[in-house]
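So you can see what is in the structure, the chains are spelled out below.
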Amino acid sequence: QQQQPQALSLASAPPAWRLAGLPLAAAAAMPRIIWKGAISFGLVHVPVALVSATSESGIDFDWLDKRSMDPVGYQRVNKRTGQPIAPEHVVRGVKVDDGRYVVLGDDEIKAAYPRTTQTIEIECFVAPTQIPFTFLERPYALAPQPKGEKVYALLREAMLAAGVVGIARVVMHTKEHLAALVPSGAALLLDTLRWPAELRPLDDLKLPPEGAKAAALKDSELKMASQLIADMTEDWQPDRYADHFSAAVQALVDQRAQAGDTADVQPLEEGAAPAASNVVDLTELLRRSLGERGGKPAGRAPAKPPARKTTTRRRA
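> Just to check I follow, could you spell out the overall build of the chain for this structure?
Scanning the chain for helices and strands turns up six helices and 11 strands. In the chain, of all internal contacts separated by at least 6 residues, the share reaching a separation of at least 24 is 67%.

See below:
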């Protein structure tokens, strides 16, 4: 039975929490691990690996030099001299008011805010109806790591029973993200959210006033519009939708290829895969977490997880 939410939000998704219109089995097929760490749930740590829950659709165009059919790659150059720069000579700098830069290394960036570099830290739980679609950015899937399956399932089932999503912070690629932790069938999904400051206000738009009377709408007009919407309302069926533009371009590519109208291109070299890491599982801290939030203390203090070493992968 279709529900009619009062606001465009996470609650508008089907009850099974479909992921980007695809069954969760499709998400399970995505292999590459982007990040390893843990969900911080009170004093409990749920070891997880994060993978992208979306894939790029459409035609993948490569840039080529039309004179020789050589690939045109991305290259860092010195903007003053125009000369290429080796990766080891590139550093991160933040411009300050006087036009100069403060240069920061990877270790300095991590040390500046180390608390959440390997943690998805849940700060609170909210009803999904309270998160507008405008905040949603990009979904990821979280897979439990060895010895973390039980506490992963515990968090998932407790959230499903309560009908809530978790609001969390996570640092990926030296950038902090606000995120929503969402139970979806057998999986926990992490959807990064935009910061409130990133949303542009709508005050400058010339919008009609709210309310039917203020917008000078007739009852007959509203009735016909409501009837049209009712006639077009149906269950969400993602399999009915496809990228027709990409299909048309692919058909053109296939036609040209079959006709022999192709060019030989030397493929570019791919980068190395990211390094792995391990996270300690802490499954005996639920009662203590409740105690810290106002309940009775629950036994002795838990062992502190060992410090994590992270491996920084230089991007090509």
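> What should I look at first to understand a nonpolar patch on the surface in this one?
On the surface, Val 94, Val 96, Val 102 and Leu 104 cluster together into a nonpolar patch covering about 280 Å² of accessible area. Among the structural elements, Val 96 can be located in the loop between strand E5 (92-95) and strand E6 (101-104).

> Sorry if this is basic, but what is going on with the pairing of strand E8 (residues 136-144) here?
Across a regular strand the side chains alternate sides, sitting on one face of the sheet and then on the other. Note that strand E2 (residues 44-52) and E8 share five bridges and pair antiparallel. By the bridge assignment, Val 48 is partnered in E8 with Pro 144.

> What am I meant to see in unusual backbone geometry here?
Negative phi is the rule for most residues except glycine; trans is the rule for most peptide bonds. Of note, the phi angle at Lys 147 is positive, near 75 degrees, even though the residue is not glycine. Residue position: Lys 147 is located in the loop between E8 and helix H3 (149-162). A positive phi is found at Ala 216, a non-glycine position, where the angle reads about 60 degrees. Its location among the elements puts Ala 216 in the loop between strand E11 (187-193) and helix H4 (219-232).

> Any chance you could explain the confidence of the model for the chain here in plain terms?
Regions with low pLDDT should not have their predicted coordinates read in detail. Mean pLDDT over the chain works out to 74, with 70% of the residues at or above the 70 mark. Counting contacts from residues 273-283, a segment whose pLDDT is below 50, to residues more than four positions away or on other chains yields 27 contacts.

> Explanation requested: empty space enclosed by the protein in the structure shown.
Unfilled space is identified by rolling a water-sized probe across the atoms. This structure, assessed with the given rule, holds one cavity of 30 Å³ or more. Roughly 30 Å³ of internal volume is contained in the largest cavity. Around the largest cavity, the lining residues are Glu 137, Lys 175, Glu 176, His 177, Leu 193, Trp 195 and Glu 198. Broken down by element, the lining of the largest cavity gets its largest block of residues, three residues, from strand E10 (residues 175-184).

> It is not clear to me how the nonpolar core should be interpreted in this structure. Could you clarify?
With 36 residues, the main nonpolar core has Ile 39, Ile 120, Leu 142, Leu 181 and Leu 190 as its most contacted residues. Contributions of two or more residues to this core are made by strand E1 (35-41), E2, strand E7 (119-126), E8, H3, strand E9 (165-172), E10 and E11. Once you skip the residues sitting within four places of it in the chain, Leu 142 turns out to touch Ile 39, Val 48, Ala 49, Leu 50, Ile 120, Tyr 152, Leu 181, Leu 188 and Leu 190.

> Before we go on, may I ask you to explain the pattern of salt bridges in this structure?
Two side chains of opposite charge can pair, provided their charged atoms sit close to one another. One pass over the structure, following the stated rule, counts four salt bridges. Residue Glu 123 pairs with Arg 169 through a salt bridge whose shortest N-O separation is 2.5 Å. One end of the pair, Glu 123, is in strand E7; the other, Arg 169, is in strand E9, with 46 residues separating them in the sequence. A residue is classified by how much of its surface remains accessible, and Glu 123, at 44% relative accessible area, is partly exposed. The exposure class assigned to Arg 169 is partly exposed, which follows from its relative accessible area of 23%. Residue Glu 176 pairs with Arg 169 through a salt bridge whose shortest N-O separation is 3.5 Å. By relative accessible area, which is 23% here, Glu 176 ends up partly exposed. Beyond isolated ion pairs, a larger network of salt bridges with shared partners links Glu 123, Arg 169 and Glu 176.

> I keep staring at helix H5 (residues 244-258) and nothing clicks. Help me out?
Taking 1.5 Å per residue as the helical rise, H5 with its 15 residues ought to reach 21 Å, and the 21 Å between its terminal C-alpha atoms agrees with that figure. Within two residues after H5, Gly 260 carries a phi angle of roughly 80 degrees, on the positive side.

> Is there a simple way to explain the environment of Leu 142 in this structure?
Following the sequence through the fold, Leu 142 ends up in strand E8. Overall, the relative accessible area of 3% leaves Leu 142 in the buried class. Residues Leu 142 and Ile 39 lie 103 residues apart in sequence; the distance between their C-alpha atoms is 9.5 Å.

> What exactly am I supposed to notice about the sheet that holds E2 here?
The sheet built from seven strands closes into a barrel, its strands ordered E1-E2-E8-E11-E10-E9-E7 with mixed pairing. When the angles between neighbouring strand axes are averaged without regard to direction, this sheet yields 40 degrees. Judged from the six bridges that link them, E8 and E11 form a sheet pairing that is antiparallel. Along E11, the bridge assignment pairs Pro 139 with Asp 191.

> How should the pairing of E10 be read in this particular structure?
Buried residues dominate E10, accounting for eight of its 10 residues. Taken together, the seven bridges between E9 and E10 define a ladder with antiparallel strand orientation. Its bridge partner being in E10, Met 172 is matched across the sheet by Lys 175. In terms of strand pairing, E10 meets E11 through seven bridges, oriented antiparallel.

Rules used in this analysis
- Residues numbered from 1 in each chain as written.
- Predicted model: local features only at pLDDT ≥ 70, side-chain atom pairs only at ≥ 80, totals over all residues.
- Heavy atoms only, no water.
- Helix = DSSP H or I, 4+ residues; strand = E, 2+ residues; numbered from the N terminus.
- Contact = heavy atoms within 4.5 Å.
- Patch = residues over 30% accessible without salt bridge, like charges linked within 9 Å, V, L, I, M, F, W, Y side chains within 5 Å.
- Areas by Shrake-Rupley, 256 points an atom, 1.4 Å probe, with all protein chains shown as cover.
- Salt bridge = Lys/Arg side-chain N within 4 Å of Asp/Glu carboxyl O.
- Pairing = 2+ DSSP bridges.
- pLDDT = per-residue confidence, 0-100.
- 1 Å grid on protein atoms, 1.4 Å probe; cavity = no way out; pocket = protein on both sides within 12 Å on 5 of 7 lines; lining within 4 Å.
- Points joined across faces, edges and corners; volume = space filled by probe spheres on them.
- Core = buried A, V, L, I, M, F, W, Y, C linked by side-chain atoms within 4.5 Å.
- Buried < 20%, exposed > 50% of the residue type's maximum accessible area, 1.4 Å probe, protein only.
- Expected span 1.5 Å × (residues − 1).
- Axes fitted to C-alpha atoms, helices over the stretch in contact; angles between N-to-C directions.

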